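Residue-level listing of the chains:
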Amino acid sequence: MPVRSFQTETAEREEFAPAPDRLVSGNPAGETRNAYESADGRKYFGEWSCSAGAWRVNYSEWEYCRILEGNVRLTNNDGSVVEAGPGGNLVIEPGFEGVWENLTPVRKLYVIDLGEGGSE
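Please read these numbers as outputs of a predicted model, since none were measured by experiment. (Residues numbered from 1 in each chain as written. Predicted model: local features only at pLDDT ≥ 70, side-chain atom pairs only at ≥ 80, totals over all residues. Heavy atoms only, no water.)

Colleague: I tried to follow the overall build of the protein on my own but got confused; where do I start?
Modeller: For the protein, the helix and strand inventory stands at zero helices and 11 strands. Beginning at the N terminus, the succession of helices and strands in the protein can be written as β-β-β-β-β-β-β-β-β-β-β. A globule of 120 residues ought to have a C-alpha radius of gyration of about 14 Å, and the protein, at 14 Å, matches this closely. Principal-axis analysis of the C-alpha atoms places the extent of the protein at approximately 45 × 30 × 25 Å. Counting only residues that meet the buried cut, the protein has 37% of its 120 residues in that class. Carbon and sulfur atoms make up 49% of the accessible area of the protein, which totals about 7,000 Å². Charge centroids of the protein, computed over 11 positive and 20 negative side chains, lie 2 Å from each other. (Helix = DSSP H or I, 4+ residues; strand = E, 2+ residues; numbered from the N terminus. Rg over C-alpha atoms; globule rule 2.2 N^0.38 Å. Buried < 20%, exposed > 50% of the residue type's maximum accessible area, 1.4 Å probe, protein only. Areas by Shrake-Rupley, 256 points an atom, 1.4 Å probe, with all protein chains shown as cover. Lys, Arg positive; Asp, Glu negative; His and termini not counted. Charge placed at Lys NZ, Arg CZ, Asp CG, Glu CD.)

Structure (structure tokens):
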């Protein structure tokens, strides 16, 4: 079926925390509710929430996210900074390396595309 509807509230909940070697500040922990996975396992849609804190990230995937609650700051290794709050939209391209910082607890919707050769 080419069009489907998904509810993130009923998706299975998976808890997470950044790996200790990636932690920059705070003690962030949260959950992911993945509501959709494509048949080839390369595209995802869901909801993500996490407490305040900062950790290092290295994106091999493409991600779109819409911030529903809270405020985030992404600092690229080149020093450039992007911030978003409620209603804000972010597109993160493969190759982004830097720090993801939740300035407050955050809740977002996400769409992830692993691309042709990407991995989780």
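Alright, that's what it looks like, and here's the rest.
Colleague: Can you help me understand a nonpolar patch on the surface in this one?
Modeller: A cluster of nonpolar side chains, namely W62, V91 and V111, defines an oily patch on the protein surface of about 230 Å² accessible area. On the basis of relative accessible area, V91 is assigned to the partly exposed category, the value being 49%. (Patch = residues over 30% accessible without salt bridge, like charges linked within 9 Å, V, L, I, M, F, W, Y side chains within 5 Å. Salt bridge = Lys/Arg side-chain N within 4 Å of Asp/Glu carboxyl O.)

Colleague: Just to check I follow, could you spell out the sheet that holds strand β7 (residues 72–76) for this structure?
Modeller: The pairing of strands in a sheet happens through backbone hydrogen bonds and is either parallel or antiparallel. One open sheet accounts for five strands, arranged β2-β5-β10-β7-β8; its pairing is antiparallel. The two strands at the open ends of the sheet, each matched to only one other strand, are β2 (23–26) and β8 (81–84). Each adjacent strand pair in this sheet contributes to an overall mean axis angle of 20°, direction not counted. In the sheet, strand β5 (residues 53–58) pairs with strand β10 (residues 97–102) via six bridges, with the strands oriented antiparallel. Counted as the bridge partner of V57 is G98 from β10. (Pairing = 2+ DSSP bridges. Axes fitted to C-alpha atoms, helices over the stretch in contact; angles between N-to-C directions.)

Colleague: What am I meant to see in the sheet that holds strand β11 (residues 106–113) here?
Modeller: Across the sheet, six strands lie side by side as β1-β3-β4-β11-β6-β9; this open sheet has antiparallel pairing. Sheet topology places β1 (13–16) and β9 (89–92) at the edges, where each strand pairs with a single neighbour. In this sheet, neighbouring strand axes are inclined to one another by 25° on average, regardless of whether the strands run parallel or antiparallel. As defined by bridge partners, strand β3 (residues 30–37) adjoins strand β4 (residues 43–50) across seven bridges and the pair is classed as antiparallel. If you follow Y36 over to β4, its bridge partner there is F45.

Colleague: Quick question: what am I supposed to make of the environment of V111 here?
Modeller: Locating V111 in the fold gives a position in strand β11. In this structure, the C-alpha to C-alpha distance between V111 and E83, residues 28 residues apart in sequence, is 19 Å.

Colleague: What is the right way to look at the packing of aromatic side chains in this model?
Modeller: In this description, an aromatic ring pair is defined by two values, namely the gap between the centres and the angle between the planes. Under the counting rule described, the total for this entry stands at five aromatic pairs. Centroid distance F16 to W48: 5.7 Å. Interplanar angle 25°. Geometry classified as stacked. One end of the pair, F16, is in strand β1; the other, W48, is in strand β4, and 32 residues separate them in sequence. We classify F16 as partly exposed; its relative accessible area is 23%. The class for W48 is buried, based on a relative accessible area of 10%. The interplanar angle of 45° and the centroid separation of 6.3 Å between the aromatic rings of W48 and W55 together place this pair among those described as tilted. Grouping aromatic residues by their ring pairs yields a cluster made of F16, W48, W55 and W100. (Phe/Tyr/Trp six-rings, centres within 6.5 Å; stacked < 30°, edge-to-face > 60°.)

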